[in-house]
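Analysis of the macromolecular model
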Amino acid sequence: MQVRRVGRDAVLVEIDAVAVPAWFAELRRRRDAGDLAFVEIVPGARTILLDGVPDPAALVRTLTLLPAPPLVSTVSSRVVVIPAVYDGPDLLDVARRWNATAEETVRIHSSTRFTVAFCGFTPGFAYLTGLPPRLRVPRHPAPRVRVPAGSVALAGPYTAVYPGESPGGWQLIGRTDLRLFDLACDPPARLSPGTTVCFRPVAG
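Below or above, wherever it landed, is the structure these notes cover. (Residues numbered from 1 in each chain as written. Predicted model: local features only at pLDDT ≥ 70, side-chain atom pairs only at ≥ 80, totals over all residues. Heavy atoms only, no water.)

1. So, the side chain of D90
Position of D90 among the secondary structure elements: in the loop between strand 5 (79-84) and helix 3 (91-97). For D90, a relative accessible area of 6% gives the class buried. Looking at D90, its side chain comes within polar contact range of the side chain of H140, at 3.0 Å. For D90, the side chain forms a polar contact with the side chain of R144, separated by 3.0 Å. Residue contacts for D90: discarding those within four places in its chain leaves H140, R144, W170, Q171 and L172. (Helix = DSSP H or I, 4+ residues; strand = E, 2+ residues; numbered from the N terminus. Buried < 20%, exposed > 50% of the residue type's maximum accessible area, 1.4 Å probe, protein only. Polar contact = N/O pair within 3.5 Å; in protein donor to acceptor, adjacent residues only side chain to side chain. Contact = heavy atoms within 4.5 Å.)

2. Some words on the layout of surface pockets
If you add up the space inside the second largest pocket, you get close to 260 Å³. Surrounding the second largest pocket, 13 residues form its lining, F24, R28, I41, S192 and P193 being those nearest its centre. Listing elements by their share of the lining of the second largest pocket, those giving two or more residues are helix 1 (20-32) and strand 3 (40-43). Take the lining of the second largest pocket: its biggest share by element is four residues, from strand 3. Its residues placed into classes, the lining of the second largest pocket shows six nonpolar, four polar and three charged. (1 Å grid on protein atoms, 1.4 Å probe; cavity = no way out; pocket = protein on both sides within 12 Å on 5 of 7 lines; lining within 4 Å. Points joined across faces, edges and corners; volume = space filled by probe spheres on them. Nonpolar A, V, L, I, M, F, W, Y, C, P; charged D, E, K, R; others polar.)

3. As for the sheet that holds strand 2 (residues 10-14)
Pairing within the open sheet is antiparallel, and its four strands lie in the order 1-2-4-3. Only two strands of the sheet have a single partner each, and these edge strands are strand 1 (2-6) and strand 3. Neighbour to neighbour, the strand axes of the sheet diverge by 20° on average, direction disregarded. With five bridges connecting them, strand 2 and strand 4 (residues 47-51) associate as antiparallel partners. Among the inter-strand pairings, L12 is bridged to a residue of strand 4, identified as L49. (Pairing = 2+ DSSP bridges. Axes fitted to C-alpha atoms, helices over the stretch in contact; angles between N-to-C directions.)

So yeah, pure geometry; function would need other evidence.
Pasting the structure below:
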């Protein structure tokens, strides 16, 4: 683990990707218990940013002495169920890569309990982990110019739902009408780090 100060009042923790969920939960727990002082905690693929730190130098020293939390799967009490129509243009290609039928691919994906690892790319875009490594699929060599909002997609170790229309190179296996980002809501993003996500197949 590498810990360093960034900017005037932030600290960046650099760790292995597999350790991010455990460290995210542990640092948030210590902050809520009053053991660590910072305002915002933002997980990434291999980093955790702590912002609003009153004494960054002291926090860096403290974090370097903390023992690593156990790498246990964390199950959030907050569960978001996403109804999905599995009719994406890449469904059959993903099924082929998984050595499965389209029906088996839908069953595998919809029976997996995902966890929001971090958010980024566009507002409301959540990177979901949960699929085993053998089911990783590559991005398209050339991204699509237009991916419709609500597209359920796979790339590498992640599943995601495009909250808005945008370019994108992920494998599209389905779609949902559930709105995942709305500025009129508080908070605007329905999915946040640590949230458990399940997909429920529905008819198109």
